[in-house]
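# Observations on the three-dimensional arrangement
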Amino acid sequence: MRDEKLVAFGQRVRELRKNKGLSQEAMAALAGVDRSYMGHIERGEKNITLTKIYQISEALSIEVADLFPRTATPSVTSSD
């Protein structure tokens, strides 16, 4: 069973990549990952590291926050 959050993230990466006019292969090269790995990310099959998220944002020349799908702002509670 795939994680909905990973799928949503992957769809967002694919959307941004296509908006930049990049092929999956070109995007993978810019991000420093294998093309098949990029496919796994876009399909929501990989739970990637923070390092990879930064590599993808740099490859797309966008802020890290822009990689995440826009949803309702979750409430954050502090235990302090």
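Preceding this paragraph is the structure being described.
Residues numbered from 1 in each chain as written. Predicted model: local features only at pLDDT ≥ 70, side-chain atom pairs only at ≥ 80, totals over all residues. Heavy atoms only, no water.

Once that is clear, we can look at the environment of Val 13. For Val 13, the position within the fold is in helix 1 (residues 4-19). Beyond its immediate chain neighbours, meaning those up to four positions away, Val 13 contacts Met 38, Glu 42, Ile 56 and Leu 67. (Helix = DSSP H or I, 4+ residues; strand = E, 2+ residues; numbered from the N terminus. Contact = heavy atoms within 4.5 Å.)

Glancing now at the environment of Val 64. With respect to the helices, strands and loops of the structure, Val 64 is situated in the segment after helix 4 (50-60). A C-alpha to C-alpha distance of 7.0 Å links Val 64 and Ile 53, two positions eleven residues apart in sequence. Setting aside residues no more than four positions away along its own chain, Val 64 makes contact with Ile 53, Tyr 54 and Ser 57.

Enumeration according to the criterion identifies one aromatic pair in this entry. Ring plane angle 50 degrees and centroid distance 5.3 Å describe the contact between Phe 9 and Phe 68, whose orientation is recorded as tilted. With Phe 9 in helix 1 and Phe 68 in the segment after helix 4, the pair connects residues that are 59 residues apart, well separated along the chain. On the accessibility criterion, Phe 68 (35% relative accessible area) is partly exposed. (Phe/Tyr/Trp six-rings, centres within 6.5 Å; stacked < 30°, edge-to-face > 60°. Buried < 20%, exposed > 50% of the residue type's maximum accessible area, 1.4 Å probe, protein only.)

On to unusual backbone geometry. Residue Ser 61 is not a glycine yet carries a positive backbone phi of 55 degrees. Residue position: Ser 61 is located in the segment after helix 4.

Now for the packing of helix 2 (residues 24-31) against helix 4. Packing of helix 2 against helix 4 leaves a shortest axis separation of 8 Å and a crossing angle of 115 degrees. In this view, helix 2 runs roughly perpendicular relative to helix 4, as classed from their interaxial angle. As helix 2 runs across helix 4, the sense of the crossing is right-handed. Residues Met 27, Leu 30 and Ala 31 of helix 2 lie in contact with helix 4, whose contacting residues are Gln 55, Ile 56, Ala 59 and Leu 60. Looking at the contact of helix 2 with helix 4 residue by residue, the class counts come to six nonpolar, one polar and no charged. (Axes fitted to C-alpha atoms, helices over the stretch in contact; angles between N-to-C directions. Parallel < 35°, antiparallel > 145°, perpendicular 65-115°, else oblique. Left-handed = near helix turned anticlockwise from the far one by under 90°. Nonpolar A, V, L, I, M, F, W, Y, C, P; charged D, E, K, R; others polar.)

Here we take up the nonpolar core. One finds Phe 9, Met 38, Ile 56, Leu 60 and Leu 67 to be the most contacted residues of the largest nonpolar core, which totals 17 residues. At the level of elements, helix 1, helix 2, helix 3 (35-42) and helix 4 are the ones that each hand at least two residues to this core. With four residues, helix 4 is the largest single contributor of residues to this core. When neighbours within four sequence positions are excluded, Met 38 is seen to be in contact with Val 13, Gln 24, Met 27, Ala 28, Ala 31, Val 33 and Ile 56. (Core = buried A, V, L, I, M, F, W, Y, C linked by side-chain atoms within 4.5 Å.)

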